[in-house]
Amino acid sequence: MATISRRITVSAALLALPIFGTPALADQVTLLSVPSGHSVVLNAEGLTRVATGDGKIAGVVPVGTSQVIVNGKDPGHTTVVVWAAGRREIYEVTVTYQYLDDIAQMLRTSLQMKGVEVVTFDHSIVVRGSVTDGAQFQQVADIVARFVPVVERQDRSVIINAVTVSQNMGNIQHELASLPGATDIRVDPDGKGNVIVSGNATDAVTAQAILDRARGLAGPYLASNGQLIDRMSFLNNSQIDVKVYVLEVDKTAQSNLGISLQGAAVNPTQPGTYTLTPPSFPFVEAITPIGGAFTLQPFYRTTTLAPTLNLLMTEGHARILSSPDLVTSPGTKATFLVGGQIPVVTSTGLGQVNVTYQNYGVQLNVTPTILGNGSVEAVIAPTISALDFADAVTVSGFVIPALTVSQLSTDVVTRPGESILLGGLVKRLEQKTISKIPLLSDIPILGRLFTSTAYQSTQSDVVFVMTPEILTR
């Protein structure tokens, strides 16, 4: 019994040696990519053991006590563990498709940039690393884009551009943050050649000034088709109020439509405003006595000349068709229509018809925006249309009149409070009036003697007067 006890004790001590012996060094994990059908040689001085997680994906063959050969068999992921020189090294092995490695090698040859590498993982090619500026980033993006169709042609294969710009945009961000009214400004690339500007601005004018400045500074970081993405928010909401007068002016008023000079006296109670008065002469009044015309004394201007638009409205040559007041957000289209809608009938086959409605009359579309210097840019598109029954068509028994249309489009920049005058939308109207004497006018040939016909032709111009103002709250 004593002999058996000693054997058990010795055996337990031997089993405990690997557990309580000298601890091994920390495991080292290395990523390894092997194309299917290829082999990689690993140096392992003092090799004692080697093992693989899945022999169907990667096979391992020890060569003496200094090297291990890893063979790529089938695409997938597995682990290879190597014990050498008292330490254990772990290799995370990815066996990739052969065609991906061929494409990756071509991509490496095309890039050849310091800090950029191309690796393959399963069905993917990853371009990773960092470049110094936006120009190099754009070059990498252009080269990668040429390989995208080739890679995506393979089954489930993708190419990923994970390259970043090492040089940050802190200098741009600092300069933008120093602009008056700007707070919490951030400038970041989005990895696609665009630059995102975010933060707070007091109003839309300040935000636009920040974006204009950022657009000039971020040029080297933008791709050839890159954009500056606006993520700014306003502490004060700004809207644009466009006061519109639509005037119909006849030919007489057109010949008199111009600029006349009026006298304007400064209103002392409201600085910056004027009171129109008839012009008076002389425009300067000397404070020297009579006979002292050549005495050097100060003089004062008492009357200011003010140009005034004369539309001859008091004589009936012009009339207001409409005077809307349009309020819209910057960059949002505002529209109004003075007129109506006519039904337009179209045949859908099998005796059925479809009815839609077409606008006609005086229509104005205006899209104002606020520029960085506080000016207002307005895209204006007025349209004048009228029903023309002379060129009407008949569809399924319905008479559909034609439309005579006059339209124009322009883009103007003004200061708030300045007026925009648009004209040239001419409207011509021809009328034919027939007067008859009942019964007698129906007599053949002789009936013309009891009938009179009068023709009247009028021509007018529709004038748009618009005054934008910025509303801030």
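Residues numbered from 1 in each chain as written. Predicted model: local features only at pLDDT ≥ 70, side-chain atom pairs only at ≥ 80, totals over all residues. Heavy atoms only, no water.

Peer 1: Any chance you could explain unusual backbone geometry here in plain terms?
Peer 2: Leaving glycine out, the prevailing phi sign among residues is negative, and the prevailing peptide bond configuration is trans. Backbone geometry places Gln112, a non-glycine residue, at a positive phi of 50°. Topologically, Gln112 is positioned in the loop between α2 (98-111) and β8 (116-121). For Gln112, a relative accessible area of 67% corresponds to the exposed category. With a phi close to 55°, Asp184 is a non-glycine residue in the positive phi region. Turning to its location among the elements, Asp184 is positioned in strand β11 (residues 182-189). On the accessibility criterion, Asp184 (62% relative accessible area) is exposed. (Helix = DSSP H or I, 4+ residues; strand = E, 2+ residues; numbered from the N terminus. Buried < 20%, exposed > 50% of the residue type's maximum accessible area, 1.4 Å probe, protein only.)

Peer 1: Would you mind showing me how to read the sheet that holds strand β4 (residues 58-63) here?
Peer 2: Two orientations exist for strands paired in a sheet by backbone hydrogen bonds: parallel and antiparallel. Across the sheet, which stays open at both edges, the 3 strands sit in the order β2-β5-β4 with antiparallel pairing between neighbours. Across the chains shown, the open sheet's two edge strands, defined by having one partner strand only, are β2 (39-43) and β4. When the angles between neighbouring strand axes are averaged without regard to direction, this sheet yields 20°. In the sheet, β2 pairs with strand β5 (residues 67-72) via 5 bridges, with the strands oriented antiparallel. Along β5, the bridge assignment pairs Val41 with Ile69. (Pairing = 2+ DSSP bridges. Axes fitted to C-alpha atoms, helices over the stretch in contact; angles between N-to-C directions.)

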